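Listed here are the chains, written in short residue letters.
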Amino acid sequence: MISQQQFEKELDMIISNAIREDVGDGDHSSLACIPRDAKGKAKLLVKEAGIIAGVEMAKRIFKYVDADLKLEKLMNDGETVKYGDVVFYVEGSSQSILKSERIVLNVMQRMSAIATKTKEFAKLLEGTKTKILDTRKTTPGIRAIEKWAVKIGGGENHRFALYDMIMLKDNHIDFAGGVSKAIEKTKEYLKVNKLDLKIIVEARSLAEIEEILEHEGIHRILIDNFDFGETKKAVRLIGDKCQTESSGGINLETARKYAECGVDYISSGALTHSVYNMDLSLKAV
């Protein structure tokens, strides 16, 4: 994953771009009918059960819009919530609260949905050594908050982007002329460019796994689209030579069975690309 400093920078860019997109040259609805010096208070109301996420991100948004806004937290990221719960109160300039409202809701609804889905997977895997991972199948422009939500829900982050880890997938292997050529070229590239990046290699068969294992320095083998029986064979073949990861259409119905095959990780794009936003609202009080 990227450094904490880079992650913080990504969050700031998400907020500034959201303000640019939503506010533009001014929130004219509020400017038209709310006095500049008017003060107000609002509450974040939960309208659906799940895992709340994005409280700390909301705090950042309010601060970005108006440093004088005061947030009173009643619940923290990662807590289980139910209909009717109040997560926080925000108090200060009415114009500032209204300017922040939609961005805060969009962020928290999305993050809470992802955290809730991740928690479902994490609970299914309890009692095994397997951890649930996200993927790069995220919404363009807001990857940082979606991956943050996965962590809040009890999952772990895969690579953040193309630049922080090597992942040789089927197309890389085919374009390079095979597994061994792809690995050898990668190692030479890293050496020449003095890069210290972990290498993950996707395998489509047990034969490819055997070929991958002939090479030193592989961090993890991605066991892609194997059935349960093949996955068990793959795990035995790999042993403790490197980490193992199952992927390819794994869902809540099949995740536990793959975990019981002994893999270290399961990756699922569904954590971020197939969720419905949690129902939340910001109401004046």
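Further up the page is the structure itself.
1. What to know about unusual backbone geometry
Then, in step 1: You will see that Lys 194, though not glycine, has its phi angle at about 50°, which is positive.
Then, in step 2: Looking at the element boundaries, Lys 194 is found in the loop between α7 (179–192) and β8 (199–203).
Then, in step 3: With a phi close to 60°, Asn 225 is a non-glycine residue in the positive phi region.
Then, in step 4: Assignment of secondary structure puts Asn 225 in the loop between β9 (220–224) and α9 (228–238).

2. Observations concerning the environment of Arg 20
Then, in step 1: Of note, Arg 20 is situated in helix α1 (residues 4–23).
Then, in step 2: In this structure the C-alpha to C-alpha distance between Arg 20 and Lys 283, which are 263 residues apart in sequence, comes to 24 Å.

3. A look at the sheet that holds strand β6 (residues 131–133)
Then, in step 1: Strand order in the open sheet formed by 6 strands is β6-β11-β10-β9-β8-β7, with parallel pairing between adjacent strands. Edge positions in the sheet fall to β6 and β7 (166–168), since each of these pairs with one other strand and no more. Ignoring strand direction, the axes of neighbouring strands in this sheet form an average angle of 25°.
Then, in step 2: Where β7 meets β8, 3 bridges bridge the pair, whose relative direction is parallel. Bridge pairing in β8 places Ile 166 opposite Ile 199.

4. Structural notes on the sheet that holds strand β3 (residues 70–73)
Then, in step 1: Strand order in the open sheet formed by 4 strands is β3-β5-β1-β12, and the pairing between neighbours is antiparallel. Either end of the sheet is taken by a strand with one partner, and the two such strands are β3 and β12 (280–284). Strand-to-strand, the axes of this sheet are offset by a mean angle of 20°, without reference to chain direction.
Then, in step 2: Summarising the sheet, strand β1 (residues 39–46) and β12 pair through 5 bridges and their orientation is antiparallel. Each residue of the ladder has a partner; that of Val 46, found in β12, is Leu 280.
Then, in step 3: Most of the contacts of helix α3 (residues 55–65) go to strand β5 (residues 86–93), to which it runs at about 5°, and overall it touches β3 and β5.
Then, in step 4: Taken strand by strand, helix α4 (residues 94–124) contacts β1, β5 and β12, and its axis lies near 155° from that of β5.

5. Looking at helix α5 (residues 143–152)
Then, in step 1: Extensive coverage of α5 is indicated by the burial of 8 of its 10 residues.
Then, in step 2: Contact partners of the buried residues in α5: α1, α3, α4 and α11 (270–273).
Then, in step 3: Downstream of α5 by a residue or two, Gly 154 has a phi angle that is positive, lying close to 100°.

6. Observations concerning the pattern of salt bridges
Then, in step 1: In this structure the tally under the stated criterion is 11 salt bridges.
Then, in step 2: Close ionic contact of Asp 12 with Arg 60 constitutes a salt bridge, the shortest N to O distance being 2.9 Å. You can see Asp 12 sitting in helix α1 and its partner Arg 60 sitting in helix α3, a full 48 residues away along the chain.
Then, in step 3: Given a relative accessible area of 24%, Arg 60 falls into the partly exposed group.
Then, in step 4: Between Glu 260 and Arg 256 there is a salt bridge whose closest N-O contact spans 3.1 Å.
Then, in step 5: You can call Glu 260 exposed: its relative accessible area is 52%.
Then, in step 6: By relative accessible area, which is 29% here, Arg 256 ends up partly exposed.
Then, in step 7: Through salt bridges with shared partners, a single network forms among Glu 8, Asp 12 and Arg 60.

7. Some words on the pairing of β1
Then, in step 1: Sheet analysis places β1 next to β5, joined by 7 bridges and oriented antiparallel. Bridge pairing links Leu 44 to Phe 88 in β5.

8. What about the packing of aromatic side chains?
Then, in step 1: Scanning all chains against the criterion turns up 3 aromatic pairs.
Then, in step 2: Taking the centre distance of 5.9 Å and the plane angle of 80° together, the rings of Phe 7 and Trp 148 count as edge-to-face. Here Trp 148 lies in helix α5 and Phe 7 lies in helix α1, a separation of 141 residues in the sequence. The exposure classification of Phe 7 matches that of Trp 148, with both residues buried.
Then, in step 3: In this arrangement the basic side chain of Lys 41 is found over the ring face of Tyr 89, its NZ or CZ atom lying 4.7 Å from the centre.

About the criteria used
Residues numbered from 1 in each chain as written. Predicted model: local features only at pLDDT ≥ 70, side-chain atom pairs only at ≥ 80, totals over all residues. Heavy atoms only, no water. Helix = DSSP H or I, 4+ residues; strand = E, 2+ residues; numbered from the N terminus. Pairing = 2+ DSSP bridges. Axes fitted to C-alpha atoms, helices over the stretch in contact; angles between N-to-C directions. Contact = heavy atoms within 4.5 Å. Buried < 20%, exposed > 50% of the residue type's maximum accessible area, 1.4 Å probe, protein only. Salt bridge = Lys/Arg side-chain N within 4 Å of Asp/Glu carboxyl O. Phe/Tyr/Trp six-rings, centres within 6.5 Å; stacked < 30°, edge-to-face > 60°. Lys NZ or Arg CZ within 6 Å of the ring centre and 35° of its normal.

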